[in-house]
Amino acid sequence: MGAIVAAMRANGMVAEEMQKEFSSRSWYSLFDPDMKTGIVAGDKIYEWLTKLFDGQQIEDRDIPVSIVATDINAGEKVVFRTGSVVDALRASLSVP
């Protein structure tokens, strides 16, 4: 969640705009269980993130931001400083 808030702030959103975005939806509407694995598939969250950050690149933010995820195979952090905002956020939000 912190990565989403950081990306929103780096995109120029202020607290009131973030509050409006977060309160305008049911968080349950963003979860789509994958019946094969029992884990959230993530398609609905990806759609929402795409709506907020479609086509935006991390390095193009007015306010510098880094998005952190974990490489589950190596057990190490991965810091995104360039590339797709949506893809970096999806990686940060992923649950193995």
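Criteria and thresholds
- Residues numbered from 1 in each chain as written.
- Predicted model: local features only at pLDDT ≥ 70, side-chain atom pairs only at ≥ 80, totals over all residues.
- Heavy atoms only, no water.
- Helix = DSSP H or I, 4+ residues; strand = E, 2+ residues; numbered from the N terminus.
- Buried < 20%, exposed > 50% of the residue type's maximum accessible area, 1.4 Å probe, protein only.
- Contact = heavy atoms within 4.5 Å.
- Areas by Shrake-Rupley, 256 points an atom, 1.4 Å probe, with all protein chains shown as cover.
- Lys, Arg positive; Asp, Glu negative; His and termini not counted.
- Charge placed at Lys NZ, Arg CZ, Asp CG, Glu CD.
- Core = buried A, V, L, I, M, F, W, Y, C linked by side-chain atoms within 4.5 Å.
- Phe/Tyr/Trp six-rings, centres within 6.5 Å; stacked < 30°, edge-to-face > 60°.
- pLDDT = per-residue confidence, 0-100.
- Axes fitted to C-alpha atoms, helices over the stretch in contact; angles between N-to-C directions.
- Parallel < 35°, antiparallel > 145°, perpendicular 65-115°, else oblique.
- Left-handed = near helix turned anticlockwise from the far one by under 90°.
- Nonpolar A, V, L, I, M, F, W, Y, C, P; charged D, E, K, R; others polar.

Caption draft 1: Structural context of the overall build of the protein. Counting secondary structure elements, the protein contains four helices and four strands. Along the protein, helices and strands appear, N-terminal first, in the series α-α-β-β-α-β-β-α. Counting the 96 residues in the protein, one finds 28% classified as buried. Long-range contacts, defined as pairs at least 24 residues apart, comprise 53% of the intrachain contacts of the protein with a sequence gap of at least 6. For the protein, the accessible area works out to roughly 6,300 Å², and carbon and sulfur atoms hold 54% of it. Positive and negative side-chain charges of the protein, numbering 10 and 14 respectively, have mean locations separated by a distance of 4 Å.

Caption draft 2: Molecular detail of the nonpolar core. Ranked by internal contacts, the top residues of the largest apolar core, which has 21 residues, are I4, M8, W48, L49, F53 and L89. Taken together, the elements giving at least two residues each to this core come down to helix 1 (2-10), helix 2 (15-23), helix 3 (43-53) and helix 4 (85-93). When residues no more than four places from it in sequence are discounted, the contact partners of L89 are A3, I4, A7, L49, F53 and I67.

Caption draft 3: Summary view of the packing of aromatic side chains. Within this structure, the stated rule accounts for one aromatic pair. Between F22 and W48, the aromatic rings sit 6.2 Å apart at their centres with planes inclined by 50 degrees, giving tilted as the arrangement. Of this pair, F22 sits in helix 2 while W48 sits in helix 3, placing them 26 residues apart in sequence. On the basis of relative accessible area, F22 is assigned to the buried category, the value being 15%.

Caption draft 4: The arrangement of the confidence of the model for the protein in detail. Mean pLDDT over the protein stands at 87; residues scoring 70 or higher make up 96%. Between the elements of the protein, mean pLDDT differs from a low of 70, seen in strand 2 (residues 39-40), to a high of 95, seen in strand 4 (residues 76-80).

Caption draft 5: Quick look at the packing of helix 1 against helix 2. Direction vectors running N to C along helix 1 and helix 2 enclose 130 degrees, while the axes themselves pass 10 Å from each other. Between helix 1 and helix 2, the angle is such that the two are oblique. Note that helix 1 runs across helix 2; the crossing there is right-handed. Each of I4, V5, M8 and R9 in helix 1 lies in contact with helix 2, whose residues at this interface are M18, E21 and F22. When grouped by side-chain class, the residues that make up the contact of helix 1 with helix 2 number five nonpolar, no polar and two charged.

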